[in-house]
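# Working through the structure, step by step
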Amino acid sequence: MASVSSESSPQIVRVALPVPLRRLFDYTLPEGTTPRPGCRIKVPFGRRTMTGLVVSLENRSDISPDKLKTAIECLDTEPLIETGLMKFLSWIADYYLHPPGEVLFAALPVKLRQGHPAILPVETAWQITDAGREKLLLGPGRAKVQHAVLSTIAEADVPVTPAVLKAQFPGWRAAANALLRDAMIIEQELQPAKAVTIANGPDPTRDQQNAIDSINASKGRYCCFLLHGITGSGKTEVYLRSIETVLLDDRQALVLVPEISLTPQLVDRFRTRFSCPIEVMHSAMTDTQRMHAWERSRRGLASIIIGTRSAVFTPMQKPGIIIVDEEHDTSFKQQDGLRYHARDLAIKRASDAGIPVVLGSATPSLESYANAASGRYKLLSLTERATRASMPAVHILDMHKLPVDNGISMPLRDALRENFQRGNQSLLFLNRRGFAPAVCCTECTWLAHCIRCDAKLTWHRNQARLRCHHCGHEARWPEQCPDCGAMSLVTVGQGTEHIEEAIRKLVPDARIERIDRDTTRRKGELEDRLDRIHCGEADILVGTQMLSKGHDFPNVTLVGVIDTDQLLFSSDFRASERLFQLVTQVAGRAGRAEKPGTVLIQSRYPDSPWLRPCIDHDFEAFARMALGERMATDYPPYQHLALLRAEAPHQNAALEFLNTMHRAAMHVLDTHDTISDVAIMDPLPSVMEKRAGRYRAQLLTQSPSRSKLHMFLHYWVEAIETSRLSRNVRWSLDVDPVDLF
Ligand code: ADP
Ligand code: ZN
Ligand code: ZN
């Protein structure tokens with residue numbers, strides 16, 4: 001009889017731990033345990049015990065046997081993260097050159113990271129017994145609640161859940177317990193509803209039908225669709241129809257949305273259409289709720305998962321489609337820790353799973369648009385508004401020539417008054433909260449600055465505070481100029497508070513609703529304000545980008561964009577893209593219903609070529625221009641970027657570190673002939689060099705070849721990590737940065 005050699009059975013477990021090191025850790029296995037990859041395992045680490053995740057089982061380790069520690073216990077009997085998801089997460093660690101343990105743990109809900117068991121609350125329901133029916137005939141007697149509960153259970157066609165009773169009878173719990181004890185009712189585990197019912201939607205337009213057909217034709221196979229539809233063209237309807245197909249196949253749909261547009265209205269649209277279990281992953285969930293949602297999705301009990309960027313890690317038993325709404329939105333990019341882009345990961349995940357992925361937007365990112373143009377993605381276009389409403393007319397107001405009062409030009413003022421008299425709503429957009437973005441002295445050159453950042457302080461008049469929007473530092477309004485002592489401090493420019501006040505004077509009877517971070521801080525405040533707007537209790541809406549997307553305001557017929565010049569003259573290579581997106585999205589709020597809309601854009605540079613496509617609603621013209629510029633200036637999508645950022649409490653430490661890393665980068669290029677076409681820029685102080693008391697600098701690397709850049713980065717990150725200097729600074733590597741600040 002052949003005996004199994006003891007050497008061939010795995011003795012070593014390779015574990016990922018949530019520590020900032022780009023490596024895995026080997027342990028020997030305790031007697032009798034053979035955990036599977038994807039299970040959690042308790043291990044000793046330093047003087048602590050930690051929860052780790054099993055990555056693989058090995059026969060041997062590079063660590064000598066006497067140095068290996070033994071794992072303590074395995075926490076799961078079945079893998080929490082199945083093989084496919086595990087591979088996806090390892091790919092992410094590799095792509096973003098991020099510590100693998102941190103990546104794997106980023107994908108787990110907090111409760112599971114802490115080692116709690118992956119369990120779901122057992123949902124019970126009750127049914128009446130024969131004894132119960134007999135008892136019911138005897139009438140209520142003294143136990144009135146018991147009788148009421150019993151008859152409710154008797155009358156129901158399906159087992160009755162605690163939630164149903166709770167809604168009707170105070171004291172239901174004691175009554176149900178008594179009935180259960182006397183065997184009047186029996187308890188059973190609630191079975192998840194199997195059949196999905198689907199409510200009717202509107203008949204798709206021809207464009208919509210084409211899009212739906214294309215997506216459906218890709219069922220069970222990877223294809224990336226770019227759904228480019230003008231605002232109001234019914235992209236959501238296309239998502240709903242494609243999800244319908246997936247649900248009928250008993251598969252799951254994952255829908256990623258930007259932070260601001262995860263609204264109750266959006267979720268309602270899904271719930272009204274589909275009767276199936278829908279999980280909404282939002283930031284206000286408790287850790288337990290999040291773990292339950294995650295677990296239901298993993299076990300295939302949730303049919304639709306809607307969430308913001310981190311939902312891209314949600315495990316799914318039977319994935320069927322992934323949808324990324326407003327794919328251009330920057331909130332899909334995580335800006336610290338693991339700096340992933342949820343849209344890019346959604347595409348990778350769909351490709352791994354062999355399912356379609358739909359990227360939707362009225363203003364696609366240039367990266368996605370270029371991919372559609374080259375044929376890597378399939379372009380689906382919706383060119384008309386579904387409701388047949390016309391697109392708003394866009395006009396530019398020349399702020400050099402027109403009389404202006406408190407930031408509002410006369411034509412805008414007149415239009416606001418007229419629109420108000422007609423009983424329509426208007427929306428004023430300004431991406432700057434507070435009263436004024438600067439405070440200065442008219443006698444000298446003093447400007448109110450943050451003591452911890454290279455930034456001006458914003459005057460918030462309602463709270464009577466000067467505030468730094470970068471670090472939260474606050475100061476009082478100085479009585480006199482700190483430099484020259486003059487009593488001549490004034491505010492410069494306008495924020496939303498100021499515009500609100502100006503409108504009160506210009507259109508005195510109008511009811512104004514201001515929506516920005518300051519007026520929506522308290523829970524429920526945003527909803528209250530939106531409700532007032534929808535009920536027609538507001539005439540003029542003033543707000544920041546919180547107003548620019550995700551919300552429909554059917555009665556808004558006039559949109560004023562107070563200031564676009566910030567974006568026309570920004571050093572950010574994506575500024576023109578942002579400008580087009582912003583104007584299109586804000587303009588898209590106007591004239592959604594039968595009433596046509598007007599958009600007035602104030603600018604001191606009315607002839608800027610970037611405003612033309614905004615006026616014409618011409619994405620293609622914009623994209624041609626912007627792609628031409630990107631090509632000429634060596635930016636994405638023609639070049640792939642990776643940015644090494646560093647910050648330190650002392651002015652020179654960050655730059656000194658980057659100078660050394662620049663040499664290390666050159667060394668990598670010199671010693672590896674296979675890595676060509678990679679450019680290393682000089683280290684530079686960041687645009688805002690000092691932030692929150694730390695000095696910041698950055699080093700850009702780029703290449704037209706993604707694979708060459710990655711080859712280089714793998715060698716470079718090793719050099720960075722092992723450098724002694726890296727301990728004096730806080731550093732991070734940002735692959736595909738969305739901004740270079
Ligand atoms: P988008 O997401 O592209 O901005 P929506 O999906 O929100 O557009 O659709 C805009 C409006 O048009 C919504 O009120 C929606 O109910 C309506 N709508 C969408 N598709 C149709 C259709 N085929 N027929 C009639 N109305 C539609
Ligand atoms: Zn002064
Ligand atoms: Zn500051």
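Residues numbered from 1 in each chain as written. Chains lettered and ligands numbered in written order. Predicted model: local features only at pLDDT ≥ 70, side-chain atom pairs only at ≥ 80, totals over all residues. Heavy atoms only, no water.

## Regarding the sheet that holds strand β5 (residues 73-74)
Just so we agree on the cut-off: DSSP calls a pair of strands paired once it identifies at least 2 bridges connecting them. Strands here are runs of E lasting at least two residues and helices are runs of H or I lasting at least four, both read from the DSSP assignment and numbered beginning at the N terminus.
Spatial strand order, β2-β1-β4-β3-β5: five strands in an open sheet with antiparallel pairing. With one partner strand each, in any of the chains shown, β2 (25-28) and β5 form the two edges of the open sheet. Two strands pair when backbone bridges link them, and strand β1 (residues 12-16) and β2 are joined in this way by four bridges, in the antiparallel orientation. Among the inter-strand pairings, Arg14 is bridged to a residue of β2, identified as Asp26.

## Points about the packing of helix α18 (residues 575-587) against helix α20 (residues 619-632)
Under the convention used in this document: To get an axis, fit a line to the C-alpha atoms, keeping to the stretch in contact for a helix; angles then go from 0 to 180 degrees between the N-to-C directions. Convention used here: angles under 35 degrees read as roughly parallel, angles over 145 as roughly antiparallel, angles from 65 to 115 as roughly perpendicular, and any remaining angle as oblique. Contacts between residues were defined by any pair of non-hydrogen atoms, one from each residue, lying within 4.5 Å. Classes in brief: Ala, Val, Leu, Ile, Met, Phe, Trp, Tyr, Cys and Pro nonpolar; Asp, Glu, Lys and Arg charged; the others, Gly included, polar.
It is the contact of α18 with α20, at a shortest axis distance of 10 Å, that shows an interaxial angle of 170°. Here α18 lies roughly antiparallel to α20, going by the angle between them. Facing α18, whose interface residues are Ser576, Glu577 and Phe580, α20 presents Phe619, Phe622, Glu629 and Arg630. Class assignment of the residues belonging to the contact of α18 with α20 gives a composition of three nonpolar, one polar and three charged.

## Side note on the environment of Ala362
Note on placement: Ala362 falls in the loop between β13 (356-361) and α13 (366-373). Each residue touching Ala362, except ones within four places of it in the same chain, is listed here: His228, Gly229, Ile230, Thr231, Lys235, Gln585 and Phe619.

## Notes on the domain arrangement of the chain
Spelled out, the test is: Bear in mind that the domain bounds are from an automatic or database domain assignment.
Here the domain parsing of the chain yields domain 1 (4-113), domain 2 (124-189), domain 3 (197-382), domain 4 (393-435 + 494-630) and domain 5 (640-735). Using only C-alpha atoms to locate each centre, domain 2 and domain 5 end up separated by 68 Å.

## A look at the environment of Ile306
Position of Ile306 among the secondary structure elements: in strand β11 (residues 304-307). Distance from Ile306 to Ile153, taken between C-alpha atoms, is 34 Å for residues 153 residues apart in sequence. Setting aside its immediate chain neighbours within four residues, Ile306 contacts Val255, Val257, Leu262, Leu266, Phe270, Ile278, Glu279, Val280 and Met281.

## Considerations on the site of ligand 1
Put simply, the rule is: The criterion for a residue being near a molecule or strand is simple. One of its heavy atoms has to lie within 4 Å of it. Counting of polar contacts relies on pairs of N or O atoms within 3.5 Å, with two restrictions inside protein: one atom must be capable of donating a hydrogen and the other of accepting it, and residues adjacent in sequence are counted only when both atoms are side-chain atoms. Accessible surface area values rest on a Shrake-Rupley calculation with a 1.4 Å probe, where residue burial reflects the displayed protein chains alone.
In the vicinity of ligand 1 there are 16 residues, among which Asp203, Gln208, Gly232, Lys235 and Arg269 approach most closely. Interatomic distance of 2.8 Å between a backbone N/O atom of Asp203 and a nitrogen atom of ligand 1. At a separation of 2.7 Å, a nitrogen atom of ligand 1 approaches a polar side-chain atom of Gln208. Summarising the interface, the protein chains cover 74% of the accessible area of ligand 1, which totals 560 Å² for the free molecule. No other element matches the three residues that helix α9 (residues 235-248) contributes to the shell around ligand 1. Taken together, the residues that form the shell around ligand 1 break down as four nonpolar, seven polar and five charged.

## Comments concerning the coordination of the zinc ion (ligand 2)
Note on metal sites: the ideal angle is 109.5 degrees for four tetrahedral donors, and 90 or 180 degrees for six octahedral donors. As a reminder, the rule being used: Water is not among the atoms examined, so metal sites may look incomplete; donors are the N, O and S atoms within 2.8 Å of the metal, or within 3.2 Å for Na, K and Ca. Every geometry call rests on angle ranges, with four donors termed tetrahedral when all angles are between 85 and 135 degrees, four termed square planar and six termed octahedral when opposite donors are over 155 degrees apart and all others are between 65 and 115, and everything else termed irregular.
The protein atoms that coordinate the zinc ion (ligand 2) are Cys441 (SG), Cys444 (SG), Cys481 (SG) and Cys484 (SG), at distances spanning 2.2 to 2.4 Å. Its four donor atoms give the zinc ion (ligand 2) angles of 106 to 113° at the centre, a pattern that matches the tetrahedral case. All donors of the zinc ion (ligand 2) belong to a single chain; written as a sequence motif, their spacing is C-x2-C-x36-C-x2-C.

## A look at the sheet that holds strand β15 (residues 393-398)
Across the sheet, which stays open at both edges, the six strands sit in the order β15-β27-β26-β18-β25-β24 with parallel pairing between neighbours. Each end of this open sheet is capped by a strand with a single partner; those strands are β15 and β24 (512-515). Adjacent strand axes in the sheet meet at a mean angle of 20° when their direction is disregarded. Bridging between strand β26 (residues 556-561) and strand β27 (residues 598-603) involves four bridges; their strand directions are parallel. Within the sheet, the bridge partner assigned to Leu558 lies in β27 and is Thr598. Against the sheet, helix α16 (residues 525-534) contacts β18 (425-429), β24 and β25 (540-543), and its axis sits at roughly 145° relative to β24. Contacts between α18 and the sheet are confined to β18, β26 and β27, with β18 contributing the most and set at about 165° to the helix.

## Notes on the packing of aromatic side chains
Which entries qualify depends on this criterion: Two rings from Phe, Tyr or Trp (for Trp, the six-membered ring) form a pair when their centres sit within 6.5 Å of each other. Planes less than 30 degrees apart are called stacked, planes more than 60 degrees apart edge-to-face, and all others tilted. Think of it in three bands: with a 1.4 Å probe and only protein chains considered, a residue is buried below 20% of the maximum accessible area for its type, exposed above 50%, and partly exposed in between.
In this structure the tally under the stated criterion is 13 aromatic pairs. Their ring planes at 65° and their centres at 5.0 Å tell us that Phe313 and Tyr340 sit as a pair that is edge-to-face. Here Phe313 is found in the loop between β11 and β12 (319-325), whereas its partner Tyr340 is found in the loop between β12 and α12 (342-353), with 27 residues between them in sequence. Residue Phe313 is classed as buried on the basis of its relative accessible area, which comes to 3%. Aromatic ring contacts, followed pair by pair, group Tyr369, Phe580, Trp610, Phe619 and Phe622 into a single cluster.

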